[in-house]
Amino acid sequence: MKVKRSLPETTTETPSTMGSEIKPPASGILTSPDRLRKIDQLREKNIDVILPLPTLVAVGDQSSGKSSLLESVTGIPFPRGQELCTRYATQITHRRDPEVQIIISIIPAPQSTEVEKATLRSYRKELSSTTELRDQFAKILDEVNVYMKIKTDKNPEGDKTFSRDILKIEKCGPTEDYLTVIDVPGIFRLTSKGQTTESDRNLVRDMVTGFIKDKRTIILAVLPANVDVMTQEILALAEQYDPDGERTLGVLTKPDLVIERSAKEAVCNLVAGRKKALNLGYYLVKNRGGDDDDDSNDDSGIRRKERDLFQQSPWCNLPQERVGVAALRERLQDLLGEITDKAYPELRSEARKKLAEAREQQDALGPPRQTEREQQQYLAQIAAKFQAISRAALEANYSGHSAFDKHSLRLITQVASIIDTFNSRMRQKGHTYSFVGKSGKADDSEGEVSEDDVNKNTTANAKKVRRAFPELERIINMVEEPSTEFTVLEDNSDWIRNMYHESRGIELGTFSPIILASAFRDQTTKWSLMTEHHISDIILNIHKFILSILQIVCSDSKLFEAIKSILMDDLLARYANGMDYAKFLVQVEREKKPYTVNHYFSSNLQKARGDRVAQALDSKSYWDDHSGTYVVKYDHIKTAISNKSNQEHAQEDIHDILRSYYKVARKRFVDNVWLYAVDHHLLSGPNSPLTLFSEQWVLGLDEDSLNAIAGESRSTRDKRKELTKKIADLEEALRILK
């Protein structure tokens, strides 16, 4: 609820030490002074770069009377006739304090270097009264220009026309009401040769928009009453960032220069809210004019002129709480209190959230790594994480890391599936020719085997694999359609007969062991390709796993690529070792003389020979009712296989011995491939690819390699520095906001 106030009939003078500015009484709804003081502390530490703070910002076109307005509202006697309008933002803060003083300092721009910040912060002036400030202000501004490197006639060595640094004027005293207003340079349309450039114009506009764009900023749009407000660029700019006019307060200056009745009526329509309405409305004030006495020690004369003006028509018809500096100042105090009360809880919440985000980003960069020791520790930690995930993958402990949510990274499960497929395919497709069963037909049965397991192709698109991992091209051997390449032929009898006739020697009732060795080599022709194919599958899965886990444990892509690049040659060598050992196992099985001490061979052979006798007696068996089973005559047994030639006996022996030995050799081979080539060389052995990236590997790197891998790039160092400062600022902000 708004309380209307009459324009003061008399002025209230402050203690003589401070001059005699008007001090309207506080409105009674002002927020806690402590909160306002804390907001000022945050702004002084540039926290507003991270957290938008409740702010009153005075903006306007050049020559809008903005600086004169602030002088009237704050009592700060800005000098007349400065070479150019405001060159930098000025923050004017009133703070209640037992000691009467005015403190002038500089808040460095956030983008300043540390050296520049230290220089700017070193500037500090302490004055005892407004009178002393009035006497020294021009000189102080000249000094500030030097510190900010503003180029003027008195400071020709300066290299800036405008600066993003902020001049802070803090006015303290026992009667001061808390109020902070920021004055920013006035925007201008046209440049002045030798004074301003297009770059300066853009800089000023950028500074203004930087202050007014945030939702916690109250925009004090300062507009000369003697100019059509519709032509004022600042109002259009304010509308761009506050389209509903909810946080824009219009301040009309220079009403004494409005002569025409229609112009006065237009001003009255604005103040009364009948035209270009703003949520916070318009205020009408009269500032110190160029002809007013600069040497006056109080503002009583100026305020009297203002009162006399507003008692004239049509100004006297306006709501009195909308006219005069005193009414405006009181409203500004109320506004600052309102936005501070609204924003204060949000600031703490936002500060905590941004602090958590900054710490998370800092953690993602890893620890600092400038020195060799820091780089070693950093890489060793990454290697330890890699090894922990690798161990979990080999132990099928998939609950310990989120990486295993992706099933393709469940390494031992993938490898076990490939080995099962390899075993199934070897049982059904590994032999070149089918073996003959009891019926004389091809018989490759050996327990139940899923057809899906036999024909499963774990690398369905070999071309795609080669494109994705060209580094593996010389190591792995992908087969596009293994089910067609590994077809089993069914002319076993003819093959053995032909081999016997082409390789027989002078043997009596037997055959040369060379024939058996040759037959075994022919029967295992596909072992090499099938083994290479499945070992390639395993290598591919291990390679994908290593690269995926490396990406997970590395903080950024640059680090991942650096580690990958240095590891790659050794990784490929270890893959090649696994593949070479698998080929070695194939070579040993196929080129050595067939031999085994496994009793399963003897059992298989005896069973095969018994099956042949049983097959020969099948036609001579008959049912015996007395015994309730099939029987054969004893004489038939003696002659069961006597009607075969020596060649037939030899060929049958070759078949049965080969079949019995093949089963033993195949099972032994599959087990050896798993145990030696896969498990030892590729998975868990001391020289497996998975053990390469380890803490021991890190300790073996020389200084140049360490720096190439773990040394921080300039961008990372800058990011770390930025985050460190941001975290410190946010921690300080939370400390202040307690």
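Residues numbered from 1 in each chain as written. Predicted model: local features only at pLDDT ≥ 70, side-chain atom pairs only at ≥ 80, totals over all residues. Heavy atoms only, no water.

### With respect to the overall build of the chain
And step 1. Per the secondary structure count, the chain includes 24 helices and 11 strands.
And step 2. When burial is assessed residue by residue, the chain has 48% of its 738 residues classed as buried.
And step 3. The long-range fraction of contacts in the chain, counting pairs at least 24 apart against all pairs at least 6 apart in sequence, stands at 78%.
And step 4. Of the roughly 36300 Å² of accessible surface on the chain, 48% is carried by carbon and sulfur atoms. (Helix = DSSP H or I, 4+ residues; strand = E, 2+ residues; numbered from the N terminus. Buried < 20%, exposed > 50% of the residue type's maximum accessible area, 1.4 Å probe, protein only. Contact = heavy atoms within 4.5 Å. Areas by Shrake-Rupley, 256 points an atom, 1.4 Å probe, with all protein chains shown as cover.)

### Observations regarding the sheet that holds strand 4 (residues 124-127)
And step 1. The mixed open sheet is built from nine strands, whose spatial order is 4-3-5-2-6-1-7-8-9. For this open sheet the edge positions go to strand 4 and strand 9 (282-284), each flanked by a neighbour on one side alone. Within the sheet, the average angular offset between the axes of one strand and its neighbour, ignoring direction, is 20 degrees.
And step 2. Sheet topology note: the strand 2 (residues 89-96)/strand 5 (residues 166-173) ladder contains eight bridges and is parallel. Across the sheet, residue threonine 93 finds its bridge partner in strand 5, namely glutamate 170.
And step 3. Helix 1 (residues 33-44) contacts strand 1 (55-60), strand 2, strand 3 (101-107), strand 5 and strand 6 (179-183) of the sheet and is inclined by roughly 150 degrees relative to strand 2.
And step 4. Contacting strand 3, strand 4 and strand 5, helix 4 (residues 130-148) runs over the sheet at an angle of about 10 degrees to strand 3. (Pairing = 2+ DSSP bridges. Axes fitted to C-alpha atoms, helices over the stretch in contact; angles between N-to-C directions.)

### Re the packing of helix 17 (residues 527-553) against helix 18 (residues 557-591)
And step 1. Two numbers describe how helix 17 lies on helix 18: the axes approach to 10 Å, and their chain directions differ by 160 degrees. By the angle between their axes, helix 17 is roughly antiparallel relative to helix 18. Between helix 17 and helix 18 lies a crossing whose hand is right-handed.
And step 2. Its residues placed into classes, the contact of helix 17 with helix 18 shows 16 nonpolar, five polar and four charged. (Parallel < 35°, antiparallel > 145°, perpendicular 65-115°, else oblique. Left-handed = near helix turned anticlockwise from the far one by under 90°. Nonpolar A, V, L, I, M, F, W, Y, C, P; charged D, E, K, R; others polar.)

### Notes on the packing of aromatic side chains
And step 1. Taken as a whole and assessed by the stated rule, the structure comprises 15 aromatic pairs.
And step 2. A centroid spacing of 4.8 Å and a plane angle of 15 degrees characterise the contact between tryptophan 527 and phenylalanine 669, whose relative ring orientation is stacked. With tryptophan 527 in helix 17 and phenylalanine 669 in helix 21 (residues 646-684), this residue pair connects regions lying 142 residues apart in the sequence. Each member of the pair, tryptophan 527 together with phenylalanine 669, is buried.
And step 3. Arginine 369 extends its terminal NZ or CZ atom over the ring of tyrosine 378, reaching a point 4.0 Å from the ring centre. (Phe/Tyr/Trp six-rings, centres within 6.5 Å; stacked < 30°, edge-to-face > 60°. Lys NZ or Arg CZ within 6 Å of the ring centre and 35° of its normal.)

### Details of the state of the cysteines
And step 1. Taken as a whole and assessed by the stated rule, the structure comprises zero disulfides.
And step 2. This cysteine, cysteine 268, is not joined by any disulfide, and cysteine 316 carries the nearest cysteine sulfur, 8.9 Å off.
And step 3. Assessed through its relative accessible area of 8%, cysteine 268 is described here as buried. (Disulfide = S-S within 2.5 Å.)

### Brief notes about the nonpolar core
And step 1. Core analysis: the biggest nonpolar cluster contains 87 residues, and Phe545, Tyr575 and Phe693 have the highest contact counts within it.
And step 2. Top contributing element to this core by residue count: helix 21, with 15 residues.
And step 3. Residue contacts for tyrosine 575: discarding those within four places in its chain leaves Leu472, Ile475, Ile539, Ile542, His543, Ile546, Leu682 and Pro689.
And step 4. Core analysis: the next-biggest nonpolar cluster, separate from the first, contains 42 residues, Leu133, Val181, Leu328 and Leu335 among them. (Core = buried A, V, L, I, M, F, W, Y, C linked by side-chain atoms within 4.5 Å.)

### Some thoughts on the confidence of the model for the chain
And step 1. For the chain, per-residue confidence averages 82 on the pLDDT scale, and residues scoring 70 or more make up 84% of the total.
And step 2. Note that pLDDT drops below 50 for residues 1-30; the model gives that stretch 68 contacts with residues more than four away or on any other chain. (pLDDT = per-residue confidence, 0-100.)

### Quick notes on helix 9 (residues 325-365)
And step 1. Largest kink in helix 9: about 40 degrees, centred on alanine 343, with the proline proline 345 one to four residues after it.
And step 2. Note on helix 9: the residue one or two positions beyond its end, glycine 366, has a positive phi of about 80 degrees. (Bend = angle between axes of the 7 residues up to and from the residue.)

### Things to note about the side chain of lysine 117
And step 1. Assignment of secondary structure puts lysine 117 in helix 3 (residues 114-121).
And step 2. Each residue touching lysine 117, except ones within four places of it in the same chain, is listed here: Pro108, Ala109, Pro110, Ser112 and Lys725.

### Digging into unusual backbone geometry
And step 1. Looking along the chain, the bond that leaves serine 313 and enters proline 314 is cis, with omega of 5 degrees.
And step 2. Tracing the sequence through the fold places proline 314 in the loop between helix 8 (300-310) and helix 9.
And step 3. A positive phi angle, close to 60 degrees, is found at lysine 254, a residue other than glycine.
And step 4. Assignment of secondary structure puts lysine 254 in the loop between strand 8 (248-253) and helix 7 (261-271).
And step 5. You can call lysine 254 partly exposed: its relative accessible area is 26%.
And step 6. A positive phi angle is found at alanine 396, which is not glycine, with a value near 60 degrees.

### Overview of helix 1
And step 1. Here helix 1 contains 12 residues, and its C-alpha end-to-end distance of 17 Å stays within 8% of the 16 Å for a straight helix at 1.5 Å per residue.
And step 2. Of the surrounding secondary structure, the elements contacted by the buried residues of helix 1 are strand 1, strand 2, strand 3, strand 6, helix 9 and helix 24 (714-736).
And step 3. Phi for asparagine 46, located one or two positions after helix 1, is positive at around 65 degrees. (Expected span 1.5 Å × (residues − 1).)

### Looking at the pattern of salt bridges
And step 1. One pass over the structure, following the stated rule, counts 24 salt bridges.
And step 2. With a shortest N-O distance of 2.4 Å, arginine 735 and glutamate 732 are connected by a salt bridge. Taken together, the residues span about one helical turn, with arginine 735 and glutamate 732 both in helix 24 at a distance of three residues.
And step 3. A relative accessible area of 22% places glutamate 732 in the partly exposed class.
And step 4. The network of salt bridges with shared partners includes Arg95, Asp97, Lys168 and Glu170. (Salt bridge = Lys/Arg side-chain N within 4 Å of Asp/Glu carboxyl O.)

### Description of the environment of aspartate 569
And step 1. Take aspartate 569: it is sitting in helix 18.
And step 2. Here aspartate 569 falls in the exposed class, since its relative accessible area comes to 60%.
And step 3. With 98 residues separating them along the chain, aspartate 569 and glutamate 471 place their C-alpha atoms 9.3 Å apart.

### What to know about the pairing of strand 1
And step 1. Strand 1 sits mainly inside the fold: six of its six residues count as buried.
And step 2. Of the strand pairs in this sheet, strand 1 and strand 7 (residues 217-224) are connected by six bridges, and their pairing is parallel. Paired with valine 57 across the bridge in strand 7 is isoleucine 219.
And step 3. Bridge analysis of strand 1 against strand 6 gives two bridges, and the strand direction is parallel. Looking at the pairing, alanine 58 lines up with aspartate 183 of strand 6.

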